[in-house]
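Structural overview
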Amino acid sequence: MFIRVHAQDLVVRGKITDNNGEPLSGVTIAVEGTSISTASAEDGNYSLNVKDGNGTLSVTYIGYQTAKIPISNRTTIDITMEPESEELGEVVVVGYGTQTRRNLTGAIASIKADDIVTEGANTVEKSLQGRIPGVQVESAGGNPGSGVRILIRGTGSLGNNTPLYIVDGVQVDNINNLSPSDIASMDILKDASAAAIYGSRAANGVVLITTKSGRKGENKIDVDVYTGIQDIGKQLDVLDASGWATVNNMAHDNAGQERLSFAQNPESLGKGTDWQNEIYRIAPIQNYALGASGGGESYTYSLSGGYLSQDGIMDKTTYDRWNLRLKSDFTKGRVKVGETVILTKEYWRNASGGFGGQGGNPAGSAAKMIPVFNVYDPTAVGGYGGAYGPIVNIENPVAVLNLEDPEENMTKAVINAYAEVSIIEGLKYKLNLGYTNMAGYDYTYTYPYQVGTFFTNLDADLYEGRSETNTSLLEHTLTYDKAFGNHNIQALAGYTYQNSNYRILTGSKSGMPQGIKVLDAGTLNIASGSNALENTLISYFGRLVYSYDNRYVLTGILRRDGSSRFGKSNRFGNFPSIAAAWNISNEAFFDPLLAYIDQAKLRVSYGILGSQEFDDYRYNPAIYLNINSVIGQDQHLWPGAIQTAFATPDIKWETSKTLNIGADLGFFDQKLQLVADYFIKKNSDVILQVPIPLSTGASGDSPYINAGQISNRGLELSLSYTNSVNDLDYQLTGTFSTVKNEVDQLGTGSQQIFGGQPTHHGASATLTQAGLPVGAFYLIKTDGIFDSQEEIDAYVKDGQRIQPNAQPGDIRFVDHNNDGQIDENDRQYLGSPTPDFTVGVGGNLAWKGFDMNLFIQGTQGNKIYNGLRQDLEGMNLDVNYSRSTLSAWTPENRNTAMPRAVINDPNQNARTSDRFLENGSYLRLKTVQIGYTFSDALAQSLKVNRVRFYLSADNVFTITDYKGYNPDLGRVGSILDRGVDFGHVAYPLAKTFMAGVQLSF
């Protein structure tokens, strides 16, 4: 029976339930074509005043199919929501909007909040490791607060390979400062079609971060607390004092040199100082997060705060982070406004870089410091002992940690505000304003010291530096989303303006009185400086997505970017893409297969992206002022200037062209899902610096040119299986990806770029040139050990010994170019730092309140150059050695791979060669977490809605043949250094064990 009333008096009421009859709160009920809307209450009931009894209700709720229901003048309308297929109905952020996964045409991978929270990592970036195919995450070391290196689909540039990070619509430099508990989802745009809407900023891929929002009709408070300990995952097996003296005496004897005075009697030295035990410790970690969220009929809010305190496993090092976040939105009629404010304060107490000796930082010094020396010396300035005698100048790592105090502070603000207006049905205008501020303060105070005979600094030193980066963003977008029968159109047009300003100010002095740590108190070595940079990017962009009958989807994107980093003739670049998808499983002919395959979609895309990642102002020459001289008989001052960098006005955009072919498959009622992608990515007009002669006077800052092409091609697979058996719910996931990287063209065709210096004094280990991967290992190859003089005499070219300085026990090197001598011209390609493939395997189980999360990740086929082992097994210098050197070759010990010990090394056994190139493959149990959630009755008796306790372990164990601290290298610098374990900057990874509790009110 229909009840007819005046249109303005019609009130529609009802209840929203799921397909099991359970009420749903926070469901949006709107009248199509109007601004009239409401949300269901906690009991599922709603009430809505409508002006037209002939209108249509649009009922939407995340995870459920949108319902379109004619009002037909009814006053009571109960609605049952049907769940979307988890895969097809999933909402994915695609840049300036969202789409359901059903309509995606590009290669986009997603991680949801549950995957991040259950991860043991304390930074968002680390939770990506192994979980996304085609996204390689490498550690930046175990130091507290450290970041990572992220490569999406391989190395495409010789400069910056960092992806673009967007947090709630605002670009940020990194996401390491975000609290994992604040993240709702991460969507990674991997191919050109998916990322093209960001144009020149997206050549290295895009990581989109969406922070948590409140939900209408649901007000709650969440508390997440954990505490734990960290311990070093592995220490290097080096010699104690007695063992070191034994090997060192052997090395001096073989060189015909006098033994060191403090190594004369190895048996009397005992164990000596264990320098690694002196600096490493069991370190605490704790985290507190508090959040409140909810909403009403016309608004939602989410407010959270957090504090993380992480002491490093290396003494004195620490990291603190404070987070505060506010996100809300408000709807009034056709207008919706909202904002996100993210404030972060970070503090690092870092490990010192060292006093300038050959030990490097404390980790490197602890491995190489000779164990016969003492930690402390009360008679010395500063109170610490050190090395002395005719040996290598290695620092006392304990002294370095305590006598130099390097601190770093960083405050960050990310602010986004928007206003959205519904003009007509389906057409919306949005104004988006963004602002980011990063203010850094660096402080390093060095106490007076005299550490041994190598390191003396009798005046206190102080350095202070302040930097600030401000980025402003203005965006106008117009979107249109409309269905016409079986046709659906989603259109986007926009304009964006972004401006960044950077400024730095530094000062340093020496000679402060004891205990006074301000620059004004210094009297010596006065220095100061400042600099400033600015760049601007303006863009015009558009996107059109057309779908027909849920079967065919076509996406076209065009973006035009203009950057101030280029000269006027090349300032703008155009970046188009096109993509198509075919939902084969929606075709009539596929019906017989639906019993076996629920979903089958094919995708293909091609697009062009750009990069402007090089220094500002390089289209103009750089002139350094204040180069003054005194001339003439009257010795007057003649002011001058010098050109320090040449102009490159013709440099143009680096471009990345990607072809992607993909398939999305679902089986067994979507329980088993497979996503597969094959891609070919070519980066052309690669921007690089070319060396120029010293005679130019500007060789210290080589000019940039477009002179290269780099190719990456690979396969990516993602597999998941979700099921329930009685009370057991479980999900199994797996990822597999391959990348083949190659430099197609570089410079003039024969240009070589060397990099990856592995030791303080060694030659480079990597080479980048046409025909090889970026940062390929290019080394002299070894061929065993000479066991006799006869073998040395037999290794000849044209009657001349190839290694004339060799003795029995020395290494035989391969004369690769067959010129009769061993030198750097004998280097050859011996491997790549890029793995043949990477894998990740995970599992989530839940049973009667218990839950378990397990994740394993690893790599296969990559090489690592172990620079620290080159020092520890070289036996050519007076440093500590690896325990393996006890098996060094002697006439009585010939069955060994370790050459003879000899100071000064006339055969250069310790040279940079494949002797120290190792297999970097590994398999790591990265995360194990076991939790228990109280029953509802018990939780309510405690006056809370939910209580969960958990135990978690991170970096539990690693299976690897690599002999260094960690195969997941901790070095984030030049891409040419990738895979080179430079012991000078080492900081081992830690194992972490935690216990935590999560509460909801």
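Residues numbered from 1 in each chain as written. Predicted model: local features only at pLDDT ≥ 70, side-chain atom pairs only at ≥ 80, totals over all residues. Heavy atoms only, no water.

1. Looking at the overall build of the protein
A count of helical and extended segments in the protein gives 9 helices and 58 strands. Here the protein has a C-alpha radius of gyration of 32 Å; the compact-globule value for 1001 residues is 30 Å, and the two agree. With respect to the principal axes defined by its C-alpha atoms, the protein has extents near 110 × 75 × 65 Å. Here the protein, with 1001 residues, has 53% of them falling under the buried criterion. Accessible surface for the protein amounts to roughly 42,400 Å². Of this, 54% is attributable to carbon and sulfur atoms. (Helix = DSSP H or I, 4+ residues; strand = E, 2+ residues; numbered from the N terminus. Rg over C-alpha atoms; globule rule 2.2 N^0.38 Å. Buried < 20%, exposed > 50% of the residue type's maximum accessible area, 1.4 Å probe, protein only. Areas by Shrake-Rupley, 256 points an atom, 1.4 Å probe, with all protein chains shown as cover.)

2. Looking at the environment of Asp-237
Note on placement: Asp-237 falls in the loop between β17 (220-232) and α3 (241-254). We classify Asp-237 as partly exposed; its relative accessible area is 48%. Note: C-alpha distance between Asp-237 and Ala-483 (246 residues apart in sequence) is 68 Å. Those residues in contact with Asp-237, other than ones at most four positions away along the chain, are Ser-882 and Arg-883. (Contact = heavy atoms within 4.5 Å.)

3. Some remarks on the sheet that holds strand β43 (residues 753-755)
Reading across from one edge, β43-β44-β45-β50 is the order of the 4 strands in this open sheet, with antiparallel pairing throughout. Edge positions in the sheet fall to β43 and β50 (828-831), since each has one partner strand and no second. For this sheet the average axis-to-axis angle between neighbouring strands, irrespective of direction, equals 45 degrees. Taken together, the 2 bridges between strand β44 (residues 766-768) and strand β45 (residues 776-779) define a ladder with antiparallel strand orientation. If you follow Leu-767 over to β45, its bridge partner there is Ala-776. (Pairing = 2+ DSSP bridges. Axes fitted to C-alpha atoms, helices over the stretch in contact; angles between N-to-C directions.)

4. Section: the environment of Thr-958
Tracing the backbone shows Thr-958 in strand β56 (residues 946-960). We classify Thr-958 as partly exposed; its relative accessible area is 32%. Distance in space between the C-alpha atoms of Thr-958 and Gly-233 is 8.9 Å, their sequence separation being 725 residues. For Thr-958, the side chain forms a polar contact with the side chain of Arg-924, separated by 3.1 Å. (Polar contact = N/O pair within 3.5 Å; in protein donor to acceptor, adjacent residues only side chain to side chain.)

5. Focus: α3
Relative to the 20 Å expected for 14 residues at 1.5 Å per residue, α3 spans 20 Å between its end C-alpha atoms, a close match to the ideal helical length. Those residues of α3 that sit buried are Ala-241, Gly-243, Trp-244, Ala-245, Val-247, Asn-248, Asn-249, Ala-251 and His-252. One or two residues past the end of α3 sits Gly-256, with phi positive at roughly 70 degrees. (Expected span 1.5 Å × (residues − 1).)

6. With respect to the pattern of salt bridges
Overall, the coordinates contain 32 salt bridges when judged by the stated rule. Between Lys-368 and Asp-871 there is a salt bridge; the shortest N-O distance is 3.2 Å. With Lys-368 in helix α5 (residues 362-368) and Asp-871 in helix α8 (residues 867-872), the pair connects residues that are 503 residues apart, well separated along the chain. The exposure class of Lys-368 is buried, given its relative accessible area of 2%. Here Asp-871 falls in the buried class, since its relative accessible area comes to 10%. Two residues, Lys-652 and Asp-685, come together in a salt bridge whose shortest N-O distance is 4.0 Å. With a gap of 33 residues between them, Lys-652 in the loop between β35 (642-645) and β36 (654-667) and Asp-685 in the loop between β37 (672-684) and β38 (687-689) connect regions that are remote in the sequence. (Salt bridge = Lys/Arg side-chain N within 4 Å of Asp/Glu carboxyl O.)

7. Looking at the sheet that holds strand β13 (residues 164-167)
The 5 strands are arranged β10-β15-β16-β13-β14 in an open sheet whose pairing can be described as mixed. Among the strands making up the open sheet, the edge pair consists of β10 (108-112) and β14 (170-172). For this sheet the average axis-to-axis angle between neighbouring strands, irrespective of direction, equals 25 degrees. Alignment of strand β15 (residues 183-189) against strand β16 (residues 206-211), held across 6 bridges, turns out to be antiparallel. Pairing of Met-186 across the sheet is with Ile-209, part of β16.

8. Some words on a nonpolar patch on the surface
Among the surface-exposed residues, Tyr-546, Leu-554, Ile-578, Val-604, Tyr-606, Leu-659, Ile-661, Tyr-678 and Leu-715 lie close enough to one another that they form a single nonpolar patch of about 750 Å² accessible area. Listing elements by their share of the nonpolar patch, those giving two or more residues are β31 (597-611) and β36. Within the secondary structure, Tyr-678 is located in strand β37. (Patch = residues over 30% accessible without salt bridge, like charges linked within 9 Å, V, L, I, M, F, W, Y side chains within 5 Å.)

9. So, the packing of aromatic side chains
Summed over the entire model, instances satisfying the criterion amount to 28 aromatic pairs. Measuring from ring centre to ring centre gives 5.4 Å for Phe-575 and Trp-653, while their planes differ by 75 degrees; the resulting arrangement is edge-to-face. Of this pair, Phe-575 sits in strand β30 (residues 572-583) while Trp-653 sits in the loop between β35 and β36, placing them 78 residues apart in sequence. Residue Trp-653 is classed as buried on the basis of its relative accessible area of 5%. Grouping aromatic residues by their ring pairs yields a cluster made of Trp-847, Phe-850, Tyr-932, Phe-934 and Phe-949. Taking the ring centre of Tyr-418 as reference, the NZ or CZ of Lys-430 above it sits at 4.6 Å. Over the face of the ring belonging to Tyr-445 we find Lys-517, whose NZ or CZ atom lies 4.9 Å from the ring centre. (Phe/Tyr/Trp six-rings, centres within 6.5 Å; stacked < 30°, edge-to-face > 60°. Lys NZ or Arg CZ within 6 Å of the ring centre and 35° of its normal.)

10. Comments concerning the confidence of the model for the protein
Confidence along the protein averages 88 in pLDDT terms, with 94% of residues attaining 70 or more. Ranking the elements of the protein by mean pLDDT puts helix α1 (residues 113-117) last, at 65, and strand β49 (residues 811-813) first, at 98. (pLDDT = per-residue confidence, 0-100.)

11. Focus on the nonpolar core
The biggest cluster of nonpolar side chains holds 50 residues, and the ones touching the most others in it are Trp-244, Phe-373 and Tyr-881. Looking at this core, the elements with two or more residues in it are α3, α4 (275-279), α5, α6 (397-403), β24 (449-451) and α8. Examining the composition of this core, we find that 5 residues originate from one element, α6, more than from any other. (Core = buried A, V, L, I, M, F, W, Y, C linked by side-chain atoms within 4.5 Å.)

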